[in-house]
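# Observations on the three-dimensional arrangement
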Amino acid sequence: MQSRSMDNMKATLELGTKPVGRLLWQYALPAIVAMTASSLYNIIDRAMIGQVVGPEAIAGLGITFPLMNLSAAFGAAVGVGASTCISVKLGQRDYETAERLLGNTVTLNLIVGFLFMVVCLVFINPILRFFGASDATLPYAREFMTVILLGNMITHMYFGMNAVLRAAGKPRHAMYATLFTVGMNILLVVAFVWWFRWGIRGAALATVTSQTLALGWQLWIFSDQRELLHLKRGIYRLRSQLVKNIIAIGISPFLMNVTSCVIVIFMNNQFVRYGGDMAVGAYSIANSMAMVFFMFVMGVTQGMQPIVGYNYGAEKYDRMLRCLWLAIAVATSILLVGWALAMLFPWQLARIFTTDPTLLEMSARGIRLDMLVFPIIASQAVITNFFQCIGKVRISIFLSLTRQLLMLLPLAYLMPLWWQLDGVWYSMPASDFGSFAMTWPLLLWYLKKLKSYGQ
């Protein structure tokens, strides 16, 4: 038991001693692999639904994105908040508090997941109507979300435990959990949707089933008393100060996901208004392709989180900043590749999801416009995550809201007045550029402040 605990402590202490480039590779690569696998699953899932069930089902799936984002918002408030707090406490070598944070993460996930499930199931029809569902797409959206919501507590716990695994110095275990979930998901989607012909409900069942199995493995890991952080009696009772710390950090990703939910609701309604249900389907396809590459960036930001958090807590600011610059360079390179593929092969990418001529044409154009300035949003995402990792919540919240509420919402309303459906598409790259222009001055201001205080 002592040997395992010492090994885990050594792995944690390496966050403050090992070369930053090797650390970022060590922590980001598993997250990138896991996120890439998750992206491939999302593509296969949507392609299977589009090819087997039909274009209306793709549009119905697009309607569910806001509700999925809202669920993710509550999950992120707990998971990201707790994992960041744990990283800082490990950097300070306060292992007892880190363990209590683990227990509070479990309790909060159960409470939040249950309440969200109950409220959404009671009001499922009006919620989906508000999100832009039509008579044609409502049955698909309701069928999918009913199953997803019934498994909401499992989903929250699964993502929360994966975030804690990374914070606890186990990025490979987090990767294995995600890879298992994705692999099982793909197998079950093929079986449920293609073989058994259970339609969109089969895709939802595949998601919940695979996450349930992965969660069982995560809980088994944290039940091992030889681990530095492990589940035990006395750590589950909610402590007000710990909960406040979790929420204080988690409020930034929470608001990011909530605003994303608001934006998708608004965008769905704009697409329905100017282009009909097929435009919503095209938006869903374009979003799916963009997320394939943005998942890589999310993997980088997840990889940098424990490194930045630990070194900030240990007051090793030079290492913290080296990690930031390296993460920006890697993320920008990734999105540059995605941009090139979107500009050169939009029709081939859209054809993965559908063969319907109308939806294909709208999706190909949408992919190009959605990813028009793709490379510049990499640094915006990394810098926003950086401020979150070091506890600068107000700055992180502001940057999270800039792209979506302050930029995209007014542009998505005004630009279609002149350019109709194209205006809805144009609003996305325009807001990306605007938020990029606001992010860098804030980072430079903080770096100047950090230097002036001699930190």
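Along each chain, residues carry numbers from 1 onward, in the same order as the chain's sequence is written. Where totals are concerned, whole chains, interfaces and linings use all residues; where local detail is concerned, this predicted model gives features only for residues with pLDDT of at least 70, and gives and counts side-chain atom pairs only at 80 or more. To get the side-chain values, take all heavy atoms of the structure and skip hydrogens and water.

### Remarks on the overall build of the protein
Numbering of helices and strands starts at the N terminus; helices are DSSP runs of H or I of at least 4 residues and strands are runs of E of at least 2. The number of helices and strands found in the protein is 17 helices and zero strands. Throughout, radius of gyration means the C-alpha value; the globule benchmark is 2.2 Å times the number of residues raised to the power 0.38. By the compact-globule yardstick of 23 Å for 455 residues, the protein fits well, its C-alpha radius of gyration being 21 Å. With respect to the three principal axes, the spread of C-alpha positions in the protein is 60 × 50 × 35 Å. Exposed residues in this analysis have more than 50% of their type's maximum accessible area, buried residues have under 20%, and partly exposed residues fall in between, with area computed by a 1.4 Å probe over protein chains only. When the 455 residues of the protein are sorted by exposure, 59% land in the buried category. A fraction of 82% describes how many contacts in the protein between residues 6 or more apart in sequence connect residues 24 or more apart. Per element, the accessible surface of the protein, about 18500 Å² overall, is 66% carbon and sulfur. His is not counted, nor are the chain ends, whereas Lys and Arg count as positive and Asp and Glu as negative. To locate a charge, take NZ of a lysine, CZ of an arginine, CG of an aspartate or CD of a glutamate. Of the side-chain charges in the protein, 34 are positive and 19 negative, and the distance between the mean point of each set is 9 Å. Residue contacts are defined here by distance: any two heavy atoms, one from each residue, within 4.5 Å place the two residues in contact. Using a 1.4 Å probe, the Shrake-Rupley method yields the accessible areas, and only the shown protein chains count as cover for residues.

### Examining the side chain of S427
When you line up the elements, S427 lands in helix α17 (residues 416–452). Among the polar contacts listed, one links the side chain of S427 to the backbone oxygen of V424, at a separation of 2.6 Å. Once residues within four sequence positions are removed from consideration, S427 is found in contact with M267, L408, L411, A412 and M415. In protein, a polar contact requires one atom able to donate a hydrogen and another able to accept it; more generally it is a pair of N or O atoms within 3.5 Å, and residues adjacent in sequence count only if both atoms are side-chain atoms.

### Things to note about the environment of R166
Tracing the backbone shows R166 in helix α7 (residues 152–167). Exposure remark for R166: the relative accessible area of 12% places this residue in the buried category. Each C-alpha atom, one on R166 and one on F196, is 37 Å from the other, the two residues being 30 residues apart in sequence. Discounting residues that sit within four places of it in the chain, R166 has contacts with Y27, P171, A174, Q302 and P306.

### Quick look at the confidence of the model for the protein
On a range of 0 to 100, pLDDT expresses the predictor's confidence in each residue. Overall, the predicted model of the protein reaches an average pLDDT of 85, with 95% of residues at or above 70. Low confidence marks residues 1–6, where pLDDT is under 50. Its contacts with residues over four positions away, or in another chain, come to seven contacts.

### Observations regarding the packing of helix α15 (residues 377–389) against α17
The axes are straight lines fitted to the C-alpha atoms, using for helices just the contacting stretch, and the angles between their N-to-C directions are given from 0 to 180°. Contact geometry of α15 with α17 gives a least axis separation of 9 Å together with a crossing angle of 45°. Comparing the axis directions of α15 and α17 gives the class oblique. When the axes of α15 and α17 are compared, the crossing they make is left-handed. In this structure, α15 contributes I377, S379, Q380, I383, F386 and F387 to the contact, and α17 contributes D432, S435, F436, T439, W440, L442, L443 and Y446. Only Asp, Glu, Lys and Arg are considered charged in this grouping, and only Ala, Val, Leu, Ile, Met, Phe, Trp, Tyr, Cys and Pro are considered nonpolar; every other residue, Gly among them, is considered polar. Along the lines of polarity and charge, the residues of the contact of α15 with α17 split into nine nonpolar, four polar and one charged. Any angle that falls under 35 degrees is termed roughly parallel, while one over 145 is termed roughly antiparallel, one within 65 to 115 roughly perpendicular, and all others oblique. Handedness of a helix crossing follows the sense of rotation of the near helix relative to the far helix, less than a right angle counterclockwise being left-handed and clockwise being right-handed.

### Quick word on α15
To estimate how far a helix should extend, the number of its residues minus one is multiplied by 1.5 Å. The end-to-end C-alpha separation of α15 is 18 Å, in line with the 18 Å expected for 13 residues at 1.5 Å each. Within α15, 13 of the 13 residues are buried, which leaves it mostly tucked inside the rest of the structure. The first or second residue beyond α15 is G391, which carries a positive phi of 80°.

### Some points on the nonpolar core
Burial of nonpolar side chains together is a common tendency in soluble globular proteins. Note on terminology: a nonpolar core comprises buried Ala, Val, Leu, Ile, Met, Phe, Trp, Tyr and Cys residues joined through side-chain atoms within 4.5 Å. Counting residues in hydrophobic clusters, the biggest one holds 142 residues, and the most contacted among them are F271 and F386. A per-element tally of this core places helix α11 (residues 277–313) first, with 18 residues. With near-sequence residues (within four places) excluded, F386 lies in contact with M304, V308, M320, L321, L324, L443 and Y446.

### Looking at a nonpolar patch on the surface
Excluding any residue in a salt bridge, patches collect residues exceeding 30% relative accessible area, merging like charges within 9 Å and nonpolar Val, Leu, Ile, Met, Phe, Trp and Tyr side chains within 5 Å. Should a side-chain nitrogen of Lys or Arg be within 4 Å of a carboxyl oxygen of Asp or Glu, the pair is scored as a salt bridge. The grouping of I111, F114, L115, V118, V119, V122, F123 and L238 at the surface amounts to a nonpolar patch, some 700 Å² of accessible area in total. Relative to the elements of secondary structure, L115 occurs in helix α4 (residues 95–122). Among the residues examined, L115 registers a relative accessible area of 51% and is labelled exposed.

### Digging into the pattern of salt bridges
One pass over the structure, following the stated rule, counts six salt bridges. Measuring nitrogen to oxygen at the nearest pair gives 2.7 Å for the salt bridge that ties R129 to D135. A salt bridge links R201 to E143, with the shortest nitrogen-to-oxygen separation between them at 3.4 Å. One end of the pair, R201, is in helix α9 (residues 199–222); the other, E143, is in helix α6 (residues 138–150), and 58 residues separate them in sequence. Judged by relative accessible area, which is 26%, E143 ranks as partly exposed.

### Observations regarding unusual backbone geometry
It is generally the case that most residues other than glycine have a negative phi and that most peptide bonds are trans. Not every positive phi belongs to a glycine, and R93 is a case in point at roughly 60°. As for its position among the elements, R93 is in the loop between α3 (55–91) and α4. Overall, R93 belongs to the exposed group, its relative accessible area being 53%. Positive phi, normally seen in glycine, also occurs at Q420, with a value near 55°. By the element assignment, Q420 lies in helix α17. What makes Q420 partly exposed here is its relative accessible area of 45%.

### Some words on the packing of α3 against α11
At a minimum axis distance of 11 Å, the contact between α3 and α11 shows a crossing angle of 5°. With respect to their mutual orientation, α3 and α11 come out roughly parallel. Where α3 approaches α11, its residues P55, I58, A59, G62, I63, F65, S83, T84, S87, V88, L90 and G91 are matched on the opposing element by D277, M278, V280, G281, S284, I285, Q305, P306, G309, Y310 and G313.

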